[in-house]
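The lines below spell out each chain.
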Amino acid sequence: MTLRETIEKMPKVELHLHLEGAFTLNYLFKLVQKYGGDADIKNIADLEKRFVFRDFPHFIETWFWKNRFFREPTDFEESTYWTLGALAKQNIIYTEAFFSPWDFAESGISAKEIIPATIAGVDRAEKDFNIKCRLIADICRDHGAETSIRRLDDVTPFLNEKIIGIGLGGSEQKFPAYLFKDVFREAKNRGFHIVAHAGEAAGPESIWSAIRDLNVERIGHGVRAVEDPELIEYLQIEQIPLEVCIVSSIKIGVYPSYREYPFTDIFHKGLLVTINSDDPTMFGSTLSDEYEILIRDQGLSLSEIKHVQMNAVSASFASMEEKRKMKDMINSFWDRHNENIQ
Ligand SMILES: [Zn+2]
């Protein structure tokens, strides 16, 4: 078996993926046909070309362009279903996926319609594919604390019905985490797990704020902790997991190259670091690509790769029993495959 085949076949856990950036091109093409309105897209190849970005503004423009094709509850249910099917095909056995049901108001559909449709897609995918999925509702910093409380109210009736957490995305430089202190305290009181994107666009101070002001259980990205030795020591002692996503950070210019991304530094310092794919369809990558970068550009050995897989299981919000089963699957995979890698 080649190295690539091994990476593709090994059971993987994905903790930082946005459903809105992980749709399948096949399903989006169906929506383009359903609603029309873009004469340039005649086939999947045209659609693939549409996702090659000139620059960051073009990326944002494309993000909103594709959102326009999601208009009815069934679009969200089907898209979630096919996305999870595609993840299962890559041997992703468990995912905690972000979703932002408030981003489609312009299409005339409300979060109250999108939330149950997305949950229905997850339920159906879990029956048909070999994957488990929990949802984390991503509240965007840019809309402020008052809106965030209303958003928390929208998802609260669905707590534990596949939705297990609240996340904080958006512009971390412009809207610091402390602004959302009350929202996150309330979310925790209601029983949500809490996580936040921090330490990608902004530096270590953003991570400190997510930890001290919000009490988050995991940090999205968090890689810029490397700029602050005191923070590195804190994360090492407390074992607060980092959801690292290399491809998206390189493509938006946080570091100049895959080699220069400081994954190995923080991994060797003993932090609980995981690897994830963020917006795989938007960035034209997969979780397997991320693992391949760890080997090819970051120099990790296969036993270190197994360690990273196990970190994702430990960092997940799965039950102890689910974690034990996933660890058994990973161990038995490596027992079978360790010898045969070319
Ligand atoms: Zn993200």
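What counts, and at which threshold
Residues numbered from 1 in each chain as written. Predicted model: local features only at pLDDT ≥ 70, side-chain atom pairs only at ≥ 80, totals over all residues. Heavy atoms only, no water. Helix = DSSP H or I, 4+ residues; strand = E, 2+ residues; numbered from the N terminus. Expected span 1.5 Å × (residues − 1). Buried < 20%, exposed > 50% of the residue type's maximum accessible area, 1.4 Å probe, protein only. Arc of directions from axis to C-beta. Contact = heavy atoms within 4.5 Å. Pairing = 2+ DSSP bridges. Right-handed = clockwise from strand over helix to strand, strands pointing away.

Undergrad: Even after reading the chapter, I still don't get helix α16 (residues 320–337), so can you show me in this structure?
TA: Each α-helix turn comprises 3.6 residues. Residues three or four places apart therefore point the same way. Helix length check: α16 (18 residues) gives 26 Å between terminal C-alpha atoms against 26 Å at 1.5 Å per residue, within 8%. Listed as buried for α16 are Glu322, Lys323, Met326, Ile330, Phe333, Trp334 and His337. Seen from one end, α16 has its buried residues packed into an arc of 105°, which puts them on one side. Residues of α16 that are exposed and angled more than 90 degrees away from the buried face: Met320, Asp335 and Arg336. The inward-facing, buried residues of α16 contact α1 (3–9), β1 (12–18), β2 (92–99), β3 (132–140) and α15 (302–315).

Undergrad: What is the right way to look at the pairing of strand β5 (residues 193–198) in this model?
TA: Each regular strand displays side chains that alternate between the two surfaces of the sheet. Burial analysis of β5 places five of its six residues in the buried class, which makes it a mostly covered element. Summarising the sheet, strand β4 (residues 163–169) and β5 pair through four bridges and their orientation is parallel. Note that in β5 the partner of Gly167 across the bridge is Val195. Following the backbone out of β4, through helix α8 (residues 181–190) and into the adjacent parallel β5, one traces a crossover that is right-handed. Strand direction decides the pairing type here: β5 and strand β6 (residues 218–221), joined by four bridges, are parallel. When the sheet's bridge partners are listed, His197 is paired in β6 with Gly220. For the handedness criterion, the β-α-β arrangement of β5, helix α9 (residues 204–212) and β6 is classed as right-handed.

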